[in-house]
Amino acid sequence: VLLDVVLLVFEGDTFAFRSFKSIRAMRTLRLLRLAKMNRLAVMLEESSVAVGHQWIMMLSVLLKSGGLITVICHFITSSWFFVGRSVNESGDVSWLDIALIVDENPVTQYMHSLQWLLVPPSPVRIAPGSLLELTFYNYMVMAIYGIIGSLASIVAATITEIVADRSYQIKQHRGILRFLRAEQVPVELRS
């Protein structure tokens, strides 16, 4: 994102513009490398299941879901912040004006936007005539409930699977210990 802003600033300067274009091309190549990392992650998950370490795969699912939730929250927060700035710059009253944070630094404004994303049951104070903000906010709430709700259910299902797997392992271990006791195997050999 920062690189895109810099590209907009240096668009008139040809040397700096070409330099940043090459940096952007390198960044695209890094994204291709990340795609290879995804294939490596799939291979590691499959091999961990093959050797009986399902918890690695489940931990991977939890980390991926958490990362995806973080990215989605950042995207929606940035979009909400952008809508507020756009409405404000057009001369209309925006949520930034109502929250009295127009003159605050962008980090503070972003944190207010993130707070409203994370606490959707509390309605955002929006100017009655701001159709753009009202429309975006309504779609934002639907996205939060839909996308993040489904990711939360994936996390919950994974945690349930981890608990069930651990319970099965404990039950299996107890059965083996009972068998060894019934066969009168010495205690030293049971562990």
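This section reports on the structure supplied with the text.

What counts, and at which threshold
- Numbers given for residues are sequential positions, taken from 1 along each chain in its written order.
- Local features in this predicted model are restricted to residues of pLDDT 70 or higher, and side-chain atom pairs are both shown and tallied only at a pLDDT of 80 or more, whereas totals for entire chains, interfaces and linings draw on every residue.
- With hydrogens and water set aside, each side-chain value is computed from the structure's full complement of heavy atoms.
- Here a strand is any run of E in DSSP of at least two residues, a helix any run of H or I of at least four, and the numbering for each starts at the N terminus.
- Per-residue accessibility, obtained with a 1.4 Å probe over protein chains only, is compared with the maximum for each type, and a residue is labelled buried under 20%, exposed over 50%, and partly exposed between these values.
- Contacts are assigned to residue pairs that have any heavy atoms within 4.5 Å of one another.
- Residue-level accessible areas treat just the shown protein chains as cover; the underlying method is Shrake-Rupley with a 1.4 Å probe.
- By this rule, a helix spans an expected 1.5 Å times one less than how many residues it contains.
- By arc we mean the arc of the directions from the helix axis to the C-beta atoms, nothing more.
- By nonpolar core is meant a set of buried Ala, Val, Leu, Ile, Met, Phe, Trp, Tyr and Cys residues that side-chain atoms within 4.5 Å join together.
- Only residues whose relative accessible area exceeds 30% and that take part in no salt bridge are eligible for patches, with like-charged residues grouped when within 9 Å of each other and nonpolar side chains (Val, Leu, Ile, Met, Phe, Trp, Tyr) grouped when within 5 Å.
- What counts as a salt bridge is simple: a side-chain nitrogen of Lys or Arg found within 4 Å of a carboxyl oxygen of Asp or Glu.
- Here the axes come from fitting lines to C-alpha atoms, over the contacting stretch only for helices, and the angles between their N-to-C directions go from 0 to 180 degrees.
- Crossing chirality is assigned from the near helix's rotation relative to the far helix, an anticlockwise turn below a right angle marking it left-handed and a clockwise turn marking it right-handed.
- Gly falls in the polar group here, along with every residue not listed as nonpolar (Ala, Val, Leu, Ile, Met, Phe, Trp, Tyr, Cys, Pro) or charged (Asp, Glu, Lys, Arg).

**Some remarks on the overall build of the protein**
Argument step 1. Tallying secondary structure elements over the protein gives seven helices and zero strands in all.
Argument step 2. Going from N to C terminus, the protein has its helices and strands arranged as α-α-α-α-α-α-α.
Argument step 3. The proportion of buried residues among the 191 residues of the protein is 22%.
Argument step 4. A separation threshold of at least 6 residues defines the contact pool for the protein, and within that pool the share at least 24 residues apart is 54%.
Argument step 5. Accessible surface, the protein as shown: approximately 13600 Å² in total, 68% of it carbon and sulfur.

**Points about helix α5 (residues 106–118)**
The periodicity of an α-helix, 3.6 residues per turn, causes residues three or four positions apart to be oriented the same way.
Argument step 1. Between its terminal C-alpha atoms α5 stretches 18 Å, which fits the 18 Å expected from 13 residues at 1.5 Å a residue.
Argument step 2. Every buried residue belonging to α5 is among Q109, S113, L114, W116 and L117, and all of these are buried. An end-on view of α5 places all buried positions within 160 degrees of arc, on one side of the element. Of the exposed residues in α5, those oriented more than 90 degrees away from the buried face are V107 and L118.
Argument step 3. Structurally, α5 contributes buried residues whose contacts are with α3 (54–89), α4 (95–98) and α6 (131–182).

**A look at the nonpolar core**
Argument step 1. If you look at the biggest cluster of nonpolar residues, it comprises 19 residues, and the most contacted ones within it are I76, W80, W95, L117, V124, Y137 and M140.
Argument step 2. At the level of secondary structure, the elements contributing two or more residues to this core comprise α3, α4, α5 and α6.
Argument step 3. For this core, the leading source of residues is α6, giving six residues.
Argument step 4. In this view, L117 contacts C73, I76, T77, M140 and I144; residues no more than four positions away in its chain are not counted.

**Some thoughts on a nonpolar patch on the surface**
Argument step 1. On the surface, W55, I56, L59 and L63 cluster together to form a nonpolar patch covering roughly 410 Å² of accessible area.
Argument step 2. Inspection of the secondary structure assignment puts W55 in helix α3.

**A short note on the environment of I56**
Argument step 1. Mapping I56 onto the fold places it in helix α3.
Argument step 2. Sequence separation of I56 and L44 is twelve residues, and the distance between their C-alpha atoms is 8.8 Å.

**Section: the packing of α3 against α5**
Argument step 1. It is the contact of α3 with α5, at a shortest axis distance of 9 Å, that shows an interaxial angle of 115 degrees. The hand of the α3/α5 crossing is right-handed. Across the interface between the two elements, C73, H74, I76, T77, S78, W80, F81 and R85 of α3 pack against P106, Q109, Y110, S113, L114, W116, L117 and L118 of α5.
Argument step 2. A breakdown of the residues in the contact of α3 with α5 according to their chemical character gives ten nonpolar, five polar and one charged.

**Let's talk about unusual backbone geometry**
Argument step 1. Not every positive phi belongs to a glycine, and L100 is a case in point at roughly 60 degrees.
Argument step 2. Relative to the helices and strands, L100 is located in the loop between α4 and α5.
Argument step 3. Here Q184, not a glycine, exhibits a phi torsion of approximately 60 degrees, which is positive.
Argument step 4. Relative to the elements of secondary structure, Q184 occurs in the loop between α6 and α7 (187–190).

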